[in-house]
Amino acid sequence: MAELRAVVLREDLERLGRYDERRVRQRLRDGFVPAHTWVIEVGGDFAGCVALRSAEDCHWLEHFYLAPELQGRGIGTAVLRRLLERCDREGAVVRLNVLQGSSARRLYDRHGFTREAEDEVDVFMVRHPN
(Lines give C-alpha, C1' and ligand atoms only; values in the text may rest on other atoms or scores of the structure.)
Protein backbone atom coordinates (compact mmCIF):
# COMPACT_ATOMS: atom_id res chain seq x y z
CA MET A 1 0.00 0.00 0.00
CA ALA A 2 2.83 2.38 0.81
CA GLU A 3 4.45 1.66 -2.56
CA LEU A 4 1.16 2.22 -4.40
CA ARG A 5 0.77 5.55 -2.59
CA ALA A 6 4.22 6.62 -3.76
CA VAL A 7 3.42 5.70 -7.37
CA VAL A 8 -0.03 7.31 -7.41
CA LEU A 9 0.98 10.57 -5.73
CA ARG A 10 4.40 11.05 -7.30
CA GLU A 11 3.40 13.22 -10.26
CA ASP A 12 1.23 15.58 -8.20
CA LEU A 13 3.74 15.82 -5.36
CA GLU A 14 6.58 16.53 -7.79
CA ARG A 15 4.49 19.22 -9.50
CA LEU A 16 3.90 20.79 -6.07
CA GLY A 17 7.60 20.49 -5.14
CA ARG A 18 6.73 18.14 -2.25
CA TYR A 19 7.88 14.68 -3.36
CA ASP A 20 10.16 12.94 -0.89
CA GLU A 21 10.99 9.29 -1.60
CA ARG A 22 10.88 8.23 2.07
CA ARG A 23 8.22 10.57 3.43
CA VAL A 24 5.58 9.64 0.83
CA ARG A 25 5.66 6.03 2.07
CA GLN A 26 6.09 6.85 5.75
CA ARG A 27 2.97 9.03 5.87
CA LEU A 28 0.84 6.02 4.98
CA ARG A 29 2.61 3.84 7.52
CA ASP A 30 2.12 6.49 10.21
CA GLY A 31 -1.61 6.83 9.51
CA PHE A 32 -2.44 3.22 8.65
CA VAL A 33 -5.16 1.65 10.79
CA PRO A 34 -6.15 -1.82 9.53
CA ALA A 35 -9.61 -1.63 11.12
CA HIS A 36 -10.47 1.41 8.95
CA THR A 37 -8.94 0.11 5.72
CA TRP A 38 -10.25 -1.98 2.84
CA VAL A 39 -8.14 -3.62 0.17
CA ILE A 40 -9.49 -3.23 -3.36
CA GLU A 41 -9.06 -6.30 -5.54
CA VAL A 42 -9.69 -6.74 -9.24
CA GLY A 43 -9.68 -10.29 -10.55
CA GLY A 44 -8.29 -11.47 -7.22
CA ASP A 45 -5.26 -9.17 -7.47
CA PHE A 46 -4.38 -6.19 -5.27
CA ALA A 47 -5.63 -3.07 -7.05
CA GLY A 48 -5.71 -0.44 -4.32
CA CYS A 49 -6.98 0.57 -0.92
CA VAL A 50 -9.25 3.01 0.86
CA ALA A 51 -9.80 3.97 4.49
CA LEU A 52 -12.79 5.48 6.23
CA ARG A 53 -11.94 6.78 9.69
CA SER A 54 -14.59 7.91 12.15
CA ALA A 55 -14.02 11.22 13.88
CA GLU A 56 -16.13 13.16 16.35
CA ASP A 57 -18.33 14.92 13.78
CA CYS A 58 -17.66 13.09 10.52
CA HIS A 59 -15.90 10.28 8.68
CA TRP A 60 -12.57 10.95 7.00
CA LEU A 61 -12.00 9.33 3.61
CA GLU A 62 -8.27 8.56 3.51
CA HIS A 63 -5.66 6.55 1.65
CA PHE A 64 -7.79 6.07 -1.46
CA TYR A 65 -5.33 4.78 -4.04
CA LEU A 66 -5.97 2.76 -7.17
CA ALA A 67 -3.27 1.31 -9.42
CA PRO A 68 -2.70 3.72 -12.32
CA GLU A 69 -3.37 1.09 -14.98
CA LEU A 70 -6.85 0.52 -13.47
CA GLN A 71 -7.85 4.18 -13.19
CA GLY A 72 -10.54 5.46 -15.52
CA ARG A 73 -12.44 2.16 -15.61
CA GLY A 74 -15.12 2.99 -13.05
CA ILE A 75 -13.51 1.04 -10.20
CA GLY A 76 -12.86 4.07 -8.04
CA THR A 77 -16.38 5.35 -8.71
CA ALA A 78 -17.89 2.01 -7.64
CA VAL A 79 -15.81 1.89 -4.45
CA LEU A 80 -16.59 5.49 -3.54
CA ARG A 81 -20.30 5.02 -4.24
CA ARG A 82 -20.49 2.08 -1.82
CA LEU A 83 -18.69 3.96 0.93
CA LEU A 84 -20.87 7.03 0.48
CA GLU A 85 -24.07 4.95 0.51
CA ARG A 86 -22.95 3.57 3.87
CA CYS A 87 -22.24 7.07 5.17
CA ASP A 88 -25.61 8.32 3.90
CA ARG A 89 -27.41 5.54 5.80
CA GLU A 90 -25.57 6.66 8.93
CA GLY A 91 -26.31 10.33 8.24
CA ALA A 92 -22.56 10.99 8.35
CA VAL A 93 -20.68 13.93 6.93
CA VAL A 94 -17.57 12.84 4.99
CA ARG A 95 -14.38 14.89 4.73
CA LEU A 96 -11.19 14.41 2.74
CA ASN A 97 -8.24 16.28 1.40
CA VAL A 98 -6.89 16.01 -2.12
CA LEU A 99 -3.72 17.50 -3.56
CA GLN A 100 -4.03 20.77 -5.46
CA GLY A 101 -4.44 20.04 -9.17
CA SER A 102 -5.03 16.32 -8.70
CA SER A 103 -7.26 14.64 -11.27
CA ALA A 104 -8.87 12.76 -8.35
CA ARG A 105 -10.73 15.93 -7.47
CA ARG A 106 -13.06 15.39 -10.44
CA LEU A 107 -14.19 12.09 -8.89
CA TYR A 108 -14.97 13.82 -5.60
CA ASP A 109 -16.76 16.70 -7.32
CA ARG A 110 -18.99 14.22 -9.19
CA HIS A 111 -19.97 12.60 -5.89
CA GLY A 112 -21.11 15.78 -4.18
CA PHE A 113 -17.99 16.91 -2.35
CA THR A 114 -17.44 20.65 -2.16
CA ARG A 115 -14.39 22.71 -1.27
CA GLU A 116 -14.34 23.65 2.38
CA ALA A 117 -10.85 25.18 2.54
CA GLU A 118 -7.51 24.98 0.81
CA ASP A 119 -3.86 25.81 1.14
CA GLU A 120 -0.94 25.72 -1.27
CA VAL A 121 -0.81 21.89 -1.18
CA ASP A 122 -4.25 20.53 -0.27
CA VAL A 123 -7.91 21.13 -1.01
CA PHE A 124 -10.11 20.14 1.93
CA MET A 125 -13.52 18.88 0.85
CA VAL A 126 -16.77 17.94 2.57
CA ARG A 127 -19.87 16.01 1.59
CA HIS A 128 -23.10 16.10 3.56
CA PRO A 129 -25.38 13.05 3.54
CA ASN A 130 -28.07 12.78 0.89
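All figures in this text were calculated on a predicted structure; none of them were measured in a lab. (Residues numbered from 1 in each chain as written. Predicted model: local features only at pLDDT ≥ 70, side-chain atom pairs only at ≥ 80, totals over all residues. Heavy atoms only, no water.)

A. The arrangement of the sheet that holds strand S1 (residues 37-42) in detail. Judged by pairing direction, the sheet is mixed, and its six strands sit side by side in the order S1-S2-S3-S4-S6-S5 without closing on themselves. Strands with a single pairing partner mark the edges of an open sheet, and in this sheet they are S1 and strand S5 (114-118). The sheet shows a mean angle of 30° between the axes of neighbouring strands, taken without regard to direction. Relative to strand S2 (residues 45-54), S1 runs antiparallel, the two being bridged by six bridges. The residue bridging Thr37 from the neighbouring strand is Ala51, located in S2. Packing against the sheet, helix H1 (residues 2-15) makes contact with S2, strand S3 (59-66) and strand S4 (94-99), and its axis sits at approximately 95° to S3. (Pairing = 2+ DSSP bridges. Helix = DSSP H or I, 4+ residues; strand = E, 2+ residues; numbered from the N terminus. Axes fitted to C-alpha atoms, helices over the stretch in contact; angles between N-to-C directions. Contact = heavy atoms within 4.5 Å.)

B. Region of the structure containing the pairing of S4. Counting buried positions over the six residues of S4 gives five, a clear majority of the element. The pairing of S3 with S4 spans two bridges and is classified as parallel. Looking at S4, one finds that His59 is bridged to Val94. Since S3 and S4 lie parallel, the crossover through helix H3 (residues 75-90) that links them has a hand, and here it is right-handed. Note: S4 against strand S6 (residues 122-127), six bridges, orientation antiparallel. Counterpart to Leu96 in the pairing with S6 is Met125. (Buried < 20%, exposed > 50% of the residue type's maximum accessible area, 1.4 Å probe, protein only. Right-handed = clockwise from strand over helix to strand, strands pointing away.)

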